[in-house]
Structure formats: structure tokens, C-alpha cells
There are 4 protein chains.
Amino acid sequence: MMNLLNEEKVFKDPVHNYIHVQDMTIWRLINTNEFQRLRRIRQLGTSYLTFHGAEHSRFSHSLGVYEITRQIISLFERNHYSDWPKEEKLLTLCAALLHDLGHGPFSHSIEEAFDMNHEDWTIRILLGNTQIHDILSEVSYGFADKVASVIARTYHKPIVVNLVSSALDADRMDYLLRDAYYTGVNYGTIDIDRIIRVLRPHQGRIVVKESGMHAVEDYLMARYQMYWQVYFHPVTRSSEIVLKLIFKRAKDLYNNGYTFEFMIAPLVSLFEDKVTVEQYLKLDEALIQTVFMQWISEKDPILSELCSRFMHRRLYKYVELEPLELEMVHEIIQVFRQCGLNPDYDVAIDSPSDLPYDVFHSGDEVSQKQILLLDRQERLMEISEVSEIVRSISGLQHGKFRLYYPEEKINAVISSFPMAIAHIFTP
Amino acid sequence: MMNLLNEEKVFKDPVHNYIHVQDMTIWRLINTNEFQRLRRIRQLGTSYLTFHGAEHSRFSHSLGVYEITRQIISLFERNHYSDWPKEEKLLTLCAALLHDLGHGPFSHSIEEAFDMNHEDWTIRILLGNTQIHDILSEVSYGFADKVASVIARTYHKPIVVNLVSSALDADRMDYLLRDAYYTGVNYGTIDIDRIIRVLRPHQGRIVVKESGMHAVEDYLMARYQMYWQVYFHPVTRSSEIVLKLIFKRAKDLYNNGYTFEFMIAPLVSLFEDKVTVEQYLKLDEALIQTVFMQWISEKDPILSELCSRFMHRRLYKYVELEPLELEMVHEIIQVFRQCGLNPDYDVAIDSPSDLPYDVFHSGDEVSQKQILLLDRQERLMEISEVSEIVRSISGLQHGKFRLYYPEEKINAVISSFPMAIAHIFTP
Amino acid sequence: MMNLLNEEKVFKDPVHNYIHVQDMTIWRLINTNEFQRLRRIRQLGTSYLTFHGAEHSRFSHSLGVYEITRQIISLFERNHYSDWPKEEKLLTLCAALLHDLGHGPFSHSIEEAFDMNHEDWTIRILLGNTQIHDILSEVSYGFADKVASVIARTYHKPIVVNLVSSALDADRMDYLLRDAYYTGVNYGTIDIDRIIRVLRPHQGRIVVKESGMHAVEDYLMARYQMYWQVYFHPVTRSSEIVLKLIFKRAKDLYNNGYTFEFMIAPLVSLFEDKVTVEQYLKLDEALIQTVFMQWISEKDPILSELCSRFMHRRLYKYVELEPLELEMVHEIIQVFRQCGLNPDYDVAIDSPSDLPYDVFHSGDEVSQKQILLLDRQERLMEISEVSEIVRSISGLQHGKFRLYYPEEKINAVISSFPMAIAHIFTP
Amino acid sequence: MMNLLNEEKVFKDPVHNYIHVQDMTIWRLINTNEFQRLRRIRQLGTSYLTFHGAEHSRFSHSLGVYEITRQIISLFERNHYSDWPKEEKLLTLCAALLHDLGHGPFSHSIEEAFDMNHEDWTIRILLGNTQIHDILSEVSYGFADKVASVIARTYHKPIVVNLVSSALDADRMDYLLRDAYYTGVNYGTIDIDRIIRVLRPHQGRIVVKESGMHAVEDYLMARYQMYWQVYFHPVTRSSEIVLKLIFKRAKDLYNNGYTFEFMIAPLVSLFEDKVTVEQYLKLDEALIQTVFMQWISEKDPILSELCSRFMHRRLYKYVELEPLELEMVHEIIQVFRQCGLNPDYDVAIDSPSDLPYDVFHSGDEVSQKQILLLDRQERLMEISEVSEIVRSISGLQHGKFRLYYPEEKINAVISSFPMAIAHIFTP
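In the nomenclature of an unreviewed UniProt entry, chain A is known as HD domain-containing protein of Paenibacillus crassostreae.

Below, the structure is given as C-alpha cells:
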């Protein structure tokens, strides 16, 4: 099924040094319009406003996930592990490479604002009238569907799904390393070679040698730290809030018949909820930034100001709410309204939460969400049973409640606030 | 003149770990619209099409140049070097921070296509009706002009200019390190702490302790390697060629009255050569990418195809021309024309050249272009007099001549080429 | 009290890049015989037999602890924190530099074998007839005693002791980074700049800004991982066991009047428990290795074989004991004896344990062992109260029980073992 | 001929991350007494007295050379290069692993003092009564001799010799990277993956793809920088001078019948020039350091003082001699003698020189010393013909002349020196 290139090709990559491409199908997939589009979608959305180095794209991440998957399979082959289904190599590599294909611009925010889902879009692109689809279809009849089923986690061999999408998959390994590299923090610097060495294909899924327990703990802690120190950074959250408010305002204006000075085709479809695959592929972060830059000159003062805030990085400030203060939110909103502020746009409550490792589950999901250790007697143990550290981060983790607001606006009216509420905004 | 912050502020940076801001003026300059715009200008233009990690912005580079300058001055102050003019600290830091302010999108290509110059734009922004200008003017009357004169290299104290712009300046030190980091190559990894330690303020300029000669050799070699292995990479050159052809085609179409399906304000001014500062500040790489993405749908087939090539990274191929082949260029163009190709768009000759270290000069320029060593007897020597390595890369360095062309188009007609010319395209 | 050098001096260091020495006293201390001796004591004892890169010395670690302390104090001074006692700078730096002065060769093993303590020796060297003592005494009368009291943790200002010796001190920060660097593992790569930035002198001790909680978690996890993956590595434990058996055998032989073919002065004093400071300073790892190399030729077969094992790295093998097997240890020893083995030398049980963070304590010890967070309301919280992760590694951590043995010897007689016991040795 | 292990074994290595051992013979060779001895020989001799991190051993370097060779051969095999003789894999790997086996303690100094050669000793150990010899002989009759002939560069296939010992070999690649890592300088950080990718087996030798020219330039410059900034560091040269003076003094004393308070077997043989292989294997740096430590207490004041200087790092100072001063050396020596100094021990002139790339050669040597580029027309060019940079460092490079001397001794009598000579010592 593999169709080897005469000569191995490489991409220079800061994280893995070189990405090695040995198969013609992989090479052709990378050179499609749809895959090249991922260069214009940042891996970390608005995080570049907090960590100025974080401009790296989903293109580089996708290559990285492919490369890690290739290295894992290569080790499995070198050691002749009999539980690894050799015939699934190309399928696994394609799924690894393409798993993020459907991400839109500032993915998490736009998905929330327009009720979309990037995985659905990945499937639509894989199966639609695209270059990707053509190339996959040339591999064999139905191959594109198989790739889609791996990404949808419905493929009948969980071991293939495991590598691409599980609690310990190539996706997470790459993003921890890559996001750490580009932000400049060092929390994500896991020992990936060691982790790869302790993986074992075993009875239809990927498990971990018992002696690799500490390496897995280290990986889960890296993930935990990256969430709380990078992904949930309060400045990044602020930029996401401003971003969502822009989408919300623009949609409201559109629905209310507002005439935009500047509008561009794919956005209209988005507002009308009838985006085609072709249009979706034109939605990238360059377009969003350009639109916002233009909208700064819109007549609507709310839209104009929000766009200016986002583009010039004058984000919302925040205060952390103590439990008692949290109970006063309703009151705060009232006061805002009384003072002429607009609670729909001038205040937002945020509390990030994460599930670093999910131990509470049942049924089919087990094989994806649990990390299993394999001891020398070939017994399997779920890792949180033996590791107190893993146990300490299992289940949902909640961050502090934060109230975000436009500082100057609040300052202009704070003298009219009741003391107890004014106090919250003057730390 | 310095106006210290209560608390030092930091930016996390992958190259310098932290960027330290201690002065209120610097802090406010960073938060202006004009400086934030640099986030949307890539440091390496189209290089991201060759090195997928190279998405870093001029924003991060500018912070880096500021930080290196800060560290150098801090060492000068710590060691009480009497030749360093202490009162120039804030001026030097501002010039370091703002020296790249006027860069446009895909700077080198757009400057060539529209005959502009980023330094002129830096000066216009510094002196124009901008937030930057306001903040500088608050420091003292005429301060903005002083910053401009340092950047224009006309300031009356060459020692200040030296730090920001010379053969061994903070600008080059940062870009070597930063570009190496983000592309993932290691040629640029100079020992910046060591270089900083061997710099000495001496009689009105910055010189190098004799014992630092090898460190300077290493720095110049790093620069040499980065030019030939990164900045002049043939794939990057190809993308720049395609980019320039797009600008050329669009301008021609505009001048010939072509009606664009998609057009946007600042571009019109660009075509008409009457861009204001306000419009210039809206020109960023997001806008250019968005315009090109839209132009793929233009009726003009040349513009449409070039934009598609650029956005989907189907760049021009190249062959290296041997000296004899180079003499045949005129003939090649004739053949192209005869075969129905368009030599204006279907062929480009390129030969990069660089001046790693310029030893041939005279007059005022000396103090900027030469690197001087200071021996223990306080004698000064120009470095190429003592280093054979530096001598080997002094003066203009030329690369090979390459002919770039759209592969499929040539392949479609190559059977009609004379043998000698067909041979060039079939290595 | 500080006596500045004309020119800052630097040591090139892979971990901190440069170690900066600005004070004459520090410079002179480094150049004493006693401090230079630390070059001949490895930081990680026998770990080089597991991680071949781990040949780094206590000399480099001591410089590193000094450098971190210097950086912390420098930040305190730069930010004018009023709770930091400026007058204690030189004292703190000297204590940081000299805290490990008394370490002997293969410290942990030799201390156990001969019932010594490296801290006692540090004090004896500080207060004895040494170059170190002379230099400290020149600072001021009683200064050597003050340094000793900081190292002994009895100095009356806990904030000084905190920096050098606490749950979050310069010592630990350096060894995590340094041991990770030289072994090549990446578990210890903490973000030291970030940790330094969140430290605050506060009411007589060093505390941590609340926002630094995750950074401290990361540091404690790094420490945890280094213990279990490096310091307690089973191969290293094996080498320590062989080492202790050599010391034990040699001492026994000496006490029984055995005539050594090769003996050297400081060892005799060690056997007779009357080592002087002068002799102690001659005890280094070169001497121990040389003695062992010579002892391979001793007539006593036990001593000879153990030394050969250590020097040629033919260490004891191990098996992990399941709980039921652990109960059989007495029986195993019996069987060993019956089969002609020598249980005193042919078997050792080992179970490492560690106290990553000690939350159970009281009285004066509190200020050293607890890590306190300082919130924005200036309230102090002990970290394990707020961090579930810290809680998960608080208190004593136990490793598995392992039985170490000389493989060939056991294999030669294993056929005579009862089935249940033979089974343990044939996994 | 290869005898694969069931399971690949790895060593953790800071430079290559993991060293991979797949063959049983390699595994067994590493575990011999003779190979383990390399742990007690530093890779960089006395450099640890200049760069405190440089305590790494020839053991780790030897593993590194093996690993690079393994990676190169693995790439050759993966790409099915027909010019690579597959059957020589094990031979090449063994020669790579064992090429430094015969290094003695502080190799360069001891070889000079006692007129020995480490390559001769490597051959003697390979062919002597050693564990290494036994294991090699088990591979096949005459295999040990073949390994020896590769190391002696007389093996009949130059392509095998090329990989282990040429101008661009695995040995140099490893030591540049490794020495840079442990000293902490960054001059040696070559892009080894890139260099490996441009190597080609071609008509019986290893050549370089033309497009790899800049990578080779970078490698040669790294080598150049490491020589002048690390290997020839004046402090290291000073320590080597003191070391050679110790050997000289001890030998003289021995020849004159002096009775040493402390003497040890292998040293006597060394003085009498009749060292056996067995004795040689006991000569390691621990032994030399131990002997010197003991000799500090010898009655001979010259030996005692030199040993104290070496062990306590009170090395000789140096001045650089200007050309005119160099002509006065004879006079200086006279003056020293007149003032009661001993010119045999109180002065040394040193001028390091190096041959970074040797382009002047002829006959058989060609295939080892030249680096050849292979262009797309399969033409070979010697690299200095096309690279001006390589040309600039071809041929012998000389350093400055330095005069080393014991500072206090000269200071005690300098007032009696003639002005012109006193001037040299008072910069």
C-alpha cells in the first residue's frame, strides 16, 4: 500500500529537527491547497497576544504529529512487535497528518460563536470535492472514508485510533513540545524519545510498560502545566473574550440588517449558517484579521471599538472573584446597567476548566481515555490506580473565577458604584 | 530622563528568555497601535514557505533588539566604562526598539515593486501624527527627531548609532539568533553573552577587545551561513519572485484600467503612489494574504494563477545556470516567446549577492561599517587586517545564477525547444 | 563589607552560561586548596556508572549555588524589597558557595560506612587551620563562625538560611538543573528565572507570590522525577551497595589485622576513626578509585572481587520483590548460606525512600521546611493546602523492594534452590 | 556477521539523546574491563581546570563515535546506496567504538613526556591478552587484526577508514559536539543530522554532495573555533606545561636514584620504559591525581611545588610575546639564571599550532585528508578549490607566542631584572 519515494524528503523542523517523508501519498497530501491552508491557522489561536513567539501554525503541528506517529510505528516495526497491525501504517500516518484539517480561524472562539465543530469540517474536507479526497481515493476505494473513521474514532481497530487520538497520543505529544518551544516556556518539554520507547502494542491497543510510569506522570504534569500556565493564561482568555464579543456583535448587526462598510463573501455565509466546503477553505486568520482591521472604521461604535481592542491589543482587564464576590455577579451587572454600561459587552465572567486525565468512564470509551500500564506478568493496570500524582490531577480541574471588563469605561463611572462593588475593581 | 516603572515588567521570549522593561516610556511605546502592528509583519517575509517554523514577527525581533541593547548598556554601566555617554540610554533604547517600525508587508518584495523604503517609513511614523510620536514628544521637545536621527544614522554621536546599526549591532545579533531559533537551523547560534562581554565603548564608538577576535569571526560566519542557507534559500527566492510578479501584474492591470473584483483602500493608494501614514499602517501581511486569496478568483488568468501559486505554495521551479548557459538567456527568452510562453511572467533570472563584511569604504561611513579591535596597548586594528577568515568573506559574495520558471507550462511545450535549451530544463 | 573586584570575573558554565564573580572575597575563596578539592568529588557519586555523562563535580555545583543566590539577591536589590537585609549579602554568598565543602568521596556511601557527616566536616574546614578560614577571618572577626552558623541552620536570621537551605533553595535549584544537564535527562529542567521572579523576602523569610504556585509545583515535580528516575536508579543503587560492601570488607580486614598489599595514609586514619582535617582534605575520589584498582590484586578474594566489580562495572543484578516474596527474605538468606554463599556479601535488600516535600512538622523547623504562598491580601498559605499535586507527593515516598545479588554466583547454585526461591531469581 | 540482540539496548547520552546498541558483539565490547577503563580518562585532559564542566570521559566520546557511525550506515542502508559495502558494517562499528582504546591519562602530555603513542597502545590492547581481543576473535578468525588495520588506516577499503578517521569523520563530529556541550561553549554545535544527510559513499570513499558545501564549511569553522577557543586556551596550555614539568622532574629524580616517599607499580615501569599491556591498563587519571597529591609531601621542593600547583590549580601565568620580545628569549633565560631562578622549571615558551584542513598532500594520503564534493554531473572537486572560507583556514595555523612562568617567584626578583625584561612581566 505504501508507495515509496525514490529519495526520502525532509522538512526542517525546530521541534523534531527533521520531518521525514518516505511515502508518495504523504508527500502529495502535504502539497494540497487544503493542507497548505493550515499555514494560515495558528496552532494557539490568540495566544500570540500573550506569548509573542506563539505564531506557529497548525501546518507545522500537523507535520509534527505525523512525524511522531512515524517514529512510533518505526520502533514497533524495528522490534517486530507482533500486536502491531503492519497493514495499517499508511492509514495511521494519513490520519495523523490530517486530523486537524478542519480547524477554522481562531478555532475555539469561532466554533463557540457559530456553533461549529472542527472535526465535522475535517470529515467534510476529507470526503468533499477536494484535492485531499482525490489523493486518498487513489490509494484505494474507500480509503478516504477509512481515514475519516479513524479521525472520528469509529474505526474498528482501536489501536490505530489510539495513536492518533487518546489520552497519550501523537497529537498531544507534539503540541506540548511545540507550544513550549514557540512560547518559550519550558513546561512542555517532555522526553518524547523515552515515552515512545515505553509504548507497546498489546491486544488491540497501545499500552505503557510499567517501568514507564514516571515518564507518563511527567507527560501528564507537562500537560497540566501547559494548560494552566499557557492555554488558560488570563491575557489569552481576555483576547478570546474580546474575539467572541466581536463575532457576537457582527452577527447581531448582520441579523438586524446593518450595512457593513466592509464585508467579504465567506463571512456572509457564516452569518447565514450556510458555509460550503469551498468557502470554508477561504476562511483563515489572515482574512479575520483583515476584516477586523477594516471594521475599526465601521460606524457601529461597539463593533469598531471591540475590533480596535483586538487588533491593537488593548484587551479587557480582569479581577479574580473571591467566592463571596462571585455571588454578587447579578448585582454587579445591575450596577453596570444603571451606570450606563452595556453588560452584554462590558463584562464577562470566565472560569477555565480542564480534564487532564479522565478516569471516570465506562464502556467503549475506555480504550481511548485510560492509560494502561503493562507489568512484567502481563497484567494491565489503569495508571491512576498506582500513581498518586496522576490521581491528584484526575477529574475536572477548575480555575479561579475572573471578571473581565474594559478598564477605562469602568474607571469613568466607578465613583457611582456602591462601595462593595467599587472595591472589587480597585485591588 | 528615565522614568522607572514601579515594578520591572517582562515578556517571555524564547530567544532571550525574558525581555525586561524597566522604563515607562518603553512600556508605553510597546503598547501603541503602530508598534502592535509589527505583530502582523513576519520577520522573514516569505521564508515560512521554506522553513515552516519561520512565522515569527518583527514585533518579537524589535523587542529582542531592545533587550540586547539594554543588556549591553547595563554591562557598560556595571563596569563604569567612562567612554559610554550615560545620558543617551533612553534615546538608544528607543531607537533600538523602533528601528524596524516602518517595515511593510513582505518588505523586500513590496519595496522593490513599489519603489519604497522602510527606513523612510520608520521616520514618517516617528514624526507623523501617531501614538509613537506623542509618547516620544512627552519625553522632551525634539526627542522624536533625535530617535529618527539615530535610525537615519545622522545622530552626532556615532557611538549611539553603532549599537543600533553597524557591522556588529544589536539588530544583527538578534536576527541571527531569532531566525535560527524559528527556522530550526543552528547556524545562527552565536554566543551573544560572550560578544557583549568583549564590546567596549572607546573614543566615541563601539570597538572590540582584541581577545574577542574569534568571537567576532564566529559571528560573521554565522551571518554568512544564515544568508546562504536561509535568507537566500532557492525556494524562498522563488516565492519572492512569484510575489513580485503578482505586484507587477496587479499594478499593470490597475494602470490599464482593469476592474478588480476585489480591491481594498490602502492598495489603491499604493498603486497610485500616494500612501499616507494612516493608510500605510493598515498595510500588513494579513491584508496581502487576504487580497491574494480573493484574487485567485479574478478574471485575469495571469493574476489569478500567480496568486494561486503563492497561496497554495506551488512555486516556480529552478535550474542552476552554468556560465555557458547564462550566455544563452536571451535565446531562451526568444524560444519561450516562440512557444507561446510569456517571458514577462514565465521566467526569471536570479542571483543573490551579499556583503557579509564591508572593508572597502572611506570617510564618515567608516565608523559604522568597520569592526575595530582594541589591543592591550590601546591600538585599534580593523579586523580583516588580522583575521584571514574575515578577509575570506569581505567584499561582495555572489551566488549561482538560477533560472526560475513554472514547471508544468514549460513541460507542456518543451518538446518544441531546441535540444540545447531543452537540455537546461531536464537535469 | 563587599570588596569589589576592578573587573567582574566570569566562569563559563553550561548551566548558567556564566558564573559572575564581583567580590574579591568570593574570588579568593574559590582559589583555595580546599575549594579546588571539590573538583575531585563528583556531584552524583557513583551515578556515572548509570549515566555516563554524570562526571560533574561538586566544584561546579558549588559555583552554581553561589550564582543562583547572587541572582536572587540581585533581583531583590533591583526591586528594592525592603524585607531583604542588605547587609547580609556577602554572608549569604559565602554560605552558598561553601555549603558543600565537607563532602567526602562517594559521600553518601562513605558516610554510612564510617558514620560520618559531611556537614560536620564543612564546619570543621570552615573553622579549622585552612585557607578558607584565613580568608573568611579577614572579612571580619567571627565571620567564619557566622558562615558556619548559616550552613548549620542556626543563624539568627532565617531569611539568610532560607536561601541556602530550605525546601526551595539555591542548592536544590542548581542540582536539579545541573544533574539533568549532565545525565542528559530532561526531568530537572525547571524554569529557574521564573522561580526567582516569584520569590519574595517577607517578614524574615523567603516566600512565594501566589501566582507562582504552578512554578513551585513544577519545581517539586522536577525534584520528584529526578529522585525516582536518576538518584534512585536501580543500577546506581547497585553500585552503592557494592561500594559499601567494599568499605565494610576493608574495615573488617583491617580490624582483624589483615596486611594490605596496598594502603595509603588517610585510609588508615579512616579505619581508626581519627581523621584530621588535613587528612580529610586528601580523601578524594581519585584516591578511592586508585586504592580499589590496587586492591583488585589483594589476596582476600572477597575484597578483590568486590573492587573488580566496582571498577569494571560488573555490578550486582536485582529482582523486585513482591510483598509475598519480601516475607521470604529470611528463608532466602538461609538457602544462600546452605548453598555455600555468604549472605553478608552476596545479598542486599534495598528500598529507597524520599521526602519530596515535608508538610508534617512543628516549631522552629517550620521556616525551613514549608513553602509559603503570599496572596494579594498579604495572607500566607502553606502550599500543600492549596495544591492537590503538592499534597500528592507530601510525606514519605517509598520505592519497591529490590534484592541485589551477584548473578554468576547465584546461577552456579540455583539448581539446589527450592522451587519457590529459584523462581524469584528467574523472571 | 551481525548477531542481533533480542531487544535494542540504549545508553542515555546528553549529546545524541540515546546511544542505540543492536548487536551483541558491540554490547559485550562495551562491558569489558578495557573499555570501562576509558571512564577514568578525561576526553579533554586538563581542560577541566579551565572549563569546570569538562570532566567528560573518553568512554562517553567512544560511545558517541560509535553512535554517529551507526547513524551514517543506517542512512546509507535506508537509501540503498550501492557504493556502500554492507558486509563491513560490524567492522566499521567496532573500529569506531574502539579507536581511542589506547589513550593514557592526560594523553597528550604523558605521550610527549614518555615518548609514547596512544594508537600503538590501541593496537596492542586489540591484539593483546585482553577481553576485547577475545570478543573480537569470536566474531571470526582475524577479525581483531582487521579492526586494528582500520584504526591504523591500512585497511584495504578506504571507505571504511574514511568513516572512522578522515578530515570529516565520526570521531571529529562527536568531539566537537561533546566538548562544546560539556565546556558550555557553543562553537562546536554543528548540525550533525544535516552533515550526515549530505555524505555519499562514492567509488570507494566517502564524499559530500555539492549542496552540502556550506554545511562542511560550518563544520570546519566549528573545528577551528574549538581549537582556538577551547583546546588551545592559554590556561589549559599552562596546566599542560605544569603537568609535563612534573613528569620531567619525576623521571629525572628517578633516573638519579631519588627515593620517592610514594611510588606505585605502573609508574616505575613507565620511568623504565617497559610498560606491559596489563600495567598500562592500570594507568588512569585517578592514579595520576592520587600520585601527585601524595607527591606534594615529597622532600624534593621542585616536584612538591609543581604537584601542589597542578592539584590546587595555582598554574603558571603567561605574557604574550611581541616579535621583538620573542628574540629576547635567550636573554630572558640568562637573566632568570642570574637571579637564582631555574630556567628548566621556571619558564616555558608555548605557541600552539593546528592544521584545520590539510590541502597539501599527495599519494595515498589523499583519500583521508581531502574533503571532496560531488556535483550533479558526478564530478569531484576538492573543497578548498571552491570555498574561499575553507581556503582561509587551510594549511598550518599558528597562535601567538606565550611565555609561562610562576608569578610569585618572578615577582620576588623582578626588581633585579633589566628594565626591558622587567617590562615584559609588568603589562
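### As for the overall build of chain A
Scanning chain A from terminus to terminus reveals 25 helices and 11 strands. Projected onto the principal axes, the alpha-carbon positions of chain A cover approximately 75 × 50 × 40 Å. The 427 residues of chain A split such that 66% are buried. Of the contacts made within chain A by residues no fewer than 6 positions apart, 71% connect residues no fewer than 24 positions apart. As displayed, chain A has an accessible area near 15,800 Å², and 49% of this comes from carbon and sulfur atoms. Each charge class in chain A can be summarised by its mean position, and for the 44 positive and 59 negative side chains these summaries are 3 Å apart.

### Let's talk about the interface of chain C and chain B
On the side of chain B, 16 residues touch chain C, which itself brings 16 residues to the contact. Of the roughly 1,200 Å² buried at the junction of chain C and chain B (both faces included), carbon and sulfur atoms supply 28%. The largest share of the area that chain C buries against chain B comes from E8, Y18 and R197 of chain C, three residues that together contribute 41% of it. Counting across the chain C and chain B interface gives 6 salt bridges. In this structure, K12 of chain C engages D191 of chain B in a salt bridge whose closest nitrogen and oxygen atoms are separated by 3.4 Å. In this assembly, chain C and chain B are joined by 8 residue pairs in polar contact (both at pLDDT 80 or more). In terms of residue class, the side of chain C that touches chain B is built from 3 nonpolar, 4 polar and 9 charged.

### Some thoughts on the sheet that holds strand β9 (residues 380-382) of chain D
All names here are of chain D. Ordered by their spatial adjacency, 4 strands build an open sheet running β3-β4-β8-β9, and the pairing between neighbours is mixed. Since the sheet does not close on itself, it has two edges, and those belong to β3 (199-202) and β9, each with one partner. Neighbour to neighbour, the strand axes of the sheet diverge by 45° on average, direction disregarded. Summarising the sheet, strand β8 (residues 372-374) and β9 pair through 3 bridges and their orientation is antiparallel. From the neighbouring strand, L373 faces β9, where its bridge partner is M381.

### Considerations on the relation of the copies chain C and chain B
Superposing chain C onto chain B takes a rotation of 180° plus a shift of 0.0 Å along the axis, which leaves an RMSD of 0.0 Å. Seen this way, the second copy is the image of the first under a two-fold rotation axis. Of all interface residues in chain C, 100% are interface residues in chain B too; the two copies therefore contact each other through one and the same surface.

### Thoughts on the nonpolar core
Note on soluble globular proteins: their nonpolar side chains tend to be buried together. By size, the foremost hydrophobic cluster in this structure holds 530 residues, and its most contacted members are W295 of chain A, W295 of chain B, W295 of chain C together with W295 of chain D. Other than its neighbours up to four places away in sequence, W295 of chain C contacts I246, A250, F260, F262, M263, L267, F271, L303, S304 and C307 of chain C.

### Structural notes on the sheet that holds strand β11 (residues 402-405) of chain A
Residues and elements named next belong to chain A. Read from one edge to the other, the open sheet built from 3 strands follows the order β5-β11-β6, with strand pairing classed as antiparallel. In this open sheet, the two edge strands, each paired with only one partner strand, are β5 (317-320) and β6 (348-350). Between one strand axis and the next, the sheet turns through 30° on average, direction left out of account. As paired strands, β6 and β11 are joined by 3 bridges and run antiparallel to one another. Within the sheet, the bridge partner assigned to D350 lies in β11 and is R402. Packed onto the sheet, helix α13 (residues 234-255) meets β5, β6 and β11 and runs at close to 55° relative to β11.

### With respect to the interface of chain B and chain A
Counting from both sides, the interface comprises 38 residues of chain B and, opposite them, 38 residues of chain A. Both sides together, the interface formed by chain B and chain A hides about 3,600 Å², and carbon and sulfur atoms give 56% of it. Taken as a group, K12, R39 and H52 of chain B account for 20% of the area that chain B buries against chain A, more than any other trio of residues on that side. Linking chain B to chain A there are 0 salt bridges. Remark: the boundary between chain B and chain A carries 14 residue pairs in polar contact (both at pLDDT 80 or more).

### Section: the domain arrangement of chain A
All names here are of chain A. Assigned domains of chain A: these are domain 1 (4-218) and domain 2 (233-315). A straight line from the C-alpha centre of domain 1 to that of domain 2 covers 30 Å. Every contact between the two is made by 26 residues of domain 1 and, on the other side, 24 residues of domain 2. When the two sides are added together, the surface that domain 1 and domain 2 hide from each other amounts to roughly 2,500 Å², 65% of it contributed by carbon and sulfur. For domain 1, the biggest contributors to the area lost against domain 2 are L49, F106 and F114; these three give 25% of the whole.

### So, the pairing of strand β3 (residues 199-202) of chain A
Residues and elements named next belong to chain A. Burial along β3 is two-sided: the residues L199 and P201 and R200 and H202 are all buried. Both β3 and strand β4 (residues 205-209) contribute to a ladder of 4 bridges, which runs antiparallel. Each residue of the ladder has a partner; that of P201, found in β4, is I206. Linking two consecutive strands that pair antiparallel, namely β3 and β4, is a turn of 2 residues; a positive phi of about 45° is found at Q203 within it.

### Overview of the relation of the copies chain B and chain A
Mapping chain B onto chain A is achieved by rotating through 180° and translating by 0.0 Å along the same axis, at an RMSD of 0.0 Å. In this assembly the copies share their binding face: 100% of the residues contributing to the interface of chain B also contribute to that of chain A.

### Side note on the packing of aromatic side chains
On inspection of all chains with the given rule, the structure shows 106 aromatic pairs over all chains. Aromatic pair Y227 of chain A and Y231 of chain A: ring centres 4.9 Å apart, planes at 85°, arrangement edge-to-face. With Y227 of chain A and Y231 of chain A both in helix α12 (residues 213-231) and 4 residues apart, the pair spans about one turn of that helix. Taken together, a centroid distance of 6.0 Å and an interplanar angle of 65° make the contact between F417 of chain C and F425 of chain C edge-to-face. The same class applies to F417 of chain C and to F425 of chain C, which are both buried. Ring-pair connections join several aromatic residues into one group, and the members of that group are F106, F114, F247, Y254, Y258, F260, F271, F292, W295 and F310 of chain A. Above the ring of Y18 of chain C, the side-chain terminus of R197 of chain B is found at 5.8 Å from the ring centroid. Over the ring of Y18 of chain D we find K12 of chain D; its NZ or CZ atom is 4.3 Å from the centre of that ring.

### Things to note about the packing of helix α13 (residues 234-255) of chain B against helix α17 (residues 301-311) of chain B
All names here are of chain B. Where α13 contacts α17, the two axes come as close as 9 Å, and the packing angle between them is 150°. Viewed along their axes, α13 and α17 adopt a mutual orientation that is roughly antiparallel. Where α13 crosses over α17, the two elements pack in a sense that is left-handed. From α13, S239, V242, L243, L245, I246, R249, A250 and L253 reach across to α17, where they touch I302, L303, L306, C307, R309 and F310. Grouping the constituent residues of the contact of α13 with α17 by class yields 11 nonpolar, 1 polar and 2 charged.

### Some points on the UniProt feature "domain: HD" (unreviewed entry) in chain A
Residues annotated in UniProt with the feature "domain: HD" (unreviewed entry) correspond here to residues 58-176 of chain A. Along residues 58-176 of chain A one finds 68% helix and 0% strand; the C-alpha atoms at either end are 13 Å apart.

### Looking at the pairing of strand β4 (residues 205-209) of chain B
Residues and elements named next belong to chain B. Of all 5 residues making up β4, 4 are buried, and the element is well covered by its neighbours. Direction of pairing for β4 relative to strand β8 (residues 372-374): parallel, over a ladder of 2 bridges. By the bridge assignment for β8, V208 is matched with L373.

### Remarks on helix α12 (residues 213-231) of chain D
In this model, α12 of chain D (19 residues) spans 25 Å end to end at C-alpha, consistent with the 27 Å of a helix rising 1.5 Å per residue. Of all 19 residues that make up α12 of chain D, 19 are buried, and the element is covered over most of its length.

### So, the pattern of salt bridges
In the structure shown here, the tally under the stated rule is 132 salt bridges over all chains. Residue R42 of chain A is joined to E285 of chain A by a salt bridge in which the shortest nitrogen-to-oxygen separation is 2.8 Å. Of this pair, R42 of chain A sits in the loop between α2 (33-36) and α3 (58-78) while E285 of chain A sits in helix α16 (residues 285-295); the two residues are 243 residues apart in sequence, bridging distant segments of the chain. For D13 of chain D, the salt bridge goes to R178 of chain D, with nearest N and O atoms at 2.9 Å. One end of the pair, D13 of chain D, is in strand β1 (residues 4-13); the other, R178 of chain D, is in helix α10 (residues 170-183), with 165 residues separating them in the sequence. Assigned by exposure class, D13 of chain D and R178 of chain D land together as buried. Through salt bridges that share partners, E210 and R376 of chain A together with E320, K400 and R402 of chain C make up one connected network.

Each value, and the rule that gives it
- Residues numbered from 1 in each chain as written.
- Chains lettered and ligands numbered in written order.
- Predicted model: local features only at pLDDT ≥ 70, side-chain atom pairs only at ≥ 80, totals over all residues.
- Heavy atoms only, no water.
- Helix = DSSP H or I, 4+ residues; strand = E, 2+ residues; numbered from the N terminus.
- Buried < 20%, exposed > 50% of the residue type's maximum accessible area, 1.4 Å probe, protein only.
- Contact = heavy atoms within 4.5 Å.
- Areas by Shrake-Rupley, 256 points an atom, 1.4 Å probe, with all protein chains shown as cover.
- Lys, Arg positive; Asp, Glu negative; His and termini not counted.
- Charge placed at Lys NZ, Arg CZ, Asp CG, Glu CD.
- Buried area = accessible area lost by both parts, 1.4 Å probe.
- Salt bridge = Lys/Arg side-chain N within 4 Å of Asp/Glu carboxyl O.
- Polar contact = N/O pair within 3.5 Å; in protein donor to acceptor, adjacent residues only side chain to side chain.
- Nonpolar A, V, L, I, M, F, W, Y, C, P; charged D, E, K, R; others polar.
- Pairing = 2+ DSSP bridges.
- Axes fitted to C-alpha atoms, helices over the stretch in contact; angles between N-to-C directions.
- Least-squares fit on C-alpha atoms with pLDDT ≥ 70 in both.
- Core = buried A, V, L, I, M, F, W, Y, C linked by side-chain atoms within 4.5 Å.
- Domains from an automatic or database assignment.
- Phe/Tyr/Trp six-rings, centres within 6.5 Å; stacked < 30°, edge-to-face > 60°.
- Lys NZ or Arg CZ within 6 Å of the ring centre and 35° of its normal.
- Parallel < 35°, antiparallel > 145°, perpendicular 65-115°, else oblique.
- Left-handed = near helix turned anticlockwise from the far one by under 90°.
- UniProt positions renumbered as here; feature names shortened; annotations may be inferred.
- Expected span 1.5 Å × (residues − 1).

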